[in-house]
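Tertiary structure, described
Residue-level listing of the chains:
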Amino acid sequence: MREMVFRERQERVAHMDAIGKMIARVFSVDSDKAFGGIVAEYASEVFQETYDVELLRKKVAVRRAAQARINAKKQRDVDLIKRLERMGEYADQVWAKQNLKKPK
């Protein structure tokens with residue numbers, strides 16, 4: 001478990017460093033000079049997090065709950081879109097019966 005957490009932390013720091021390098025390239029500046037301090041501070045924060053298994057389990061549970069809420073909201077959005085489509089189809093049928101033109 002610790003090895004997985006350590007690898008994840010290394011990847012997070014590497015991603016931050018890569019983002020800094022991309023931004024530096026866009027602005028034609030040296031990445032280490034412009035973002036070295038930020039990346040170092042981020043790395044120290046990331047690696048100061050605890051390896052406590054119970055705390056990590058709680059974080060995982062919180063993230064899973066958040067993901068479940070996100071999925072529920074996505075499903076609700078899909079259901080609302082389907083409902084709107086059905087309402088539009090009904091309106092088309094009513095207008096067709098009344099020989100009305102659709103509003104623009």
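Residues numbered from 1 in each chain as written. Predicted model: local features only at pLDDT ≥ 70, side-chain atom pairs only at ≥ 80, totals over all residues. Heavy atoms only, no water.

1. Some details on the overall build of the protein chain
When you go through the protein chain residue by residue, the secondary structure sums to 3 helices and 0 strands. Sequence-ordered secondary structure for the protein chain, helices as α and strands as β, is α-α-α. For the protein chain, whose C-alpha radius of gyration is 25 Å, the value lies well above the compact-globule estimate of 13 Å for 104 residues. Dimensions of the protein chain, computed from the C-alpha atoms along their principal axes, are close to 70 × 45 × 15 Å. When each of the 104 residues of the protein chain is scored for burial, the buried share is 10%. Looking at the protein chain alone, contacts between residues at least 24 apart form 58% of all its contacts between residues at least 6 apart. On the protein chain, roughly 9,200 Å² of surface is accessible, and the fraction owed to carbon and sulfur atoms is 58%. Seen as two clouds, the 23 positive and the 16 negative side-chain charges of the protein chain have centres 8 Å apart. (Helix = DSSP H or I, 4+ residues; strand = E, 2+ residues; numbered from the N terminus. Rg over C-alpha atoms; globule rule 2.2 N^0.38 Å. Buried < 20%, exposed > 50% of the residue type's maximum accessible area, 1.4 Å probe, protein only. Contact = heavy atoms within 4.5 Å. Areas by Shrake-Rupley, 256 points an atom, 1.4 Å probe, with all protein chains shown as cover. Lys, Arg positive; Asp, Glu negative; His and termini not counted. Charge placed at Lys NZ, Arg CZ, Asp CG, Glu CD.)

2. What about the confidence of the model for the protein chain?
Scored by pLDDT, the protein chain comes out at a mean of 85, with 91% of its residues at no less than 70. Put simply, helix α2 (residues 31-47) is where the protein chain has its lowest mean pLDDT, 82, and helix α3 (residues 53-98) is where it has its highest, 90. (pLDDT = per-residue confidence, 0-100.)

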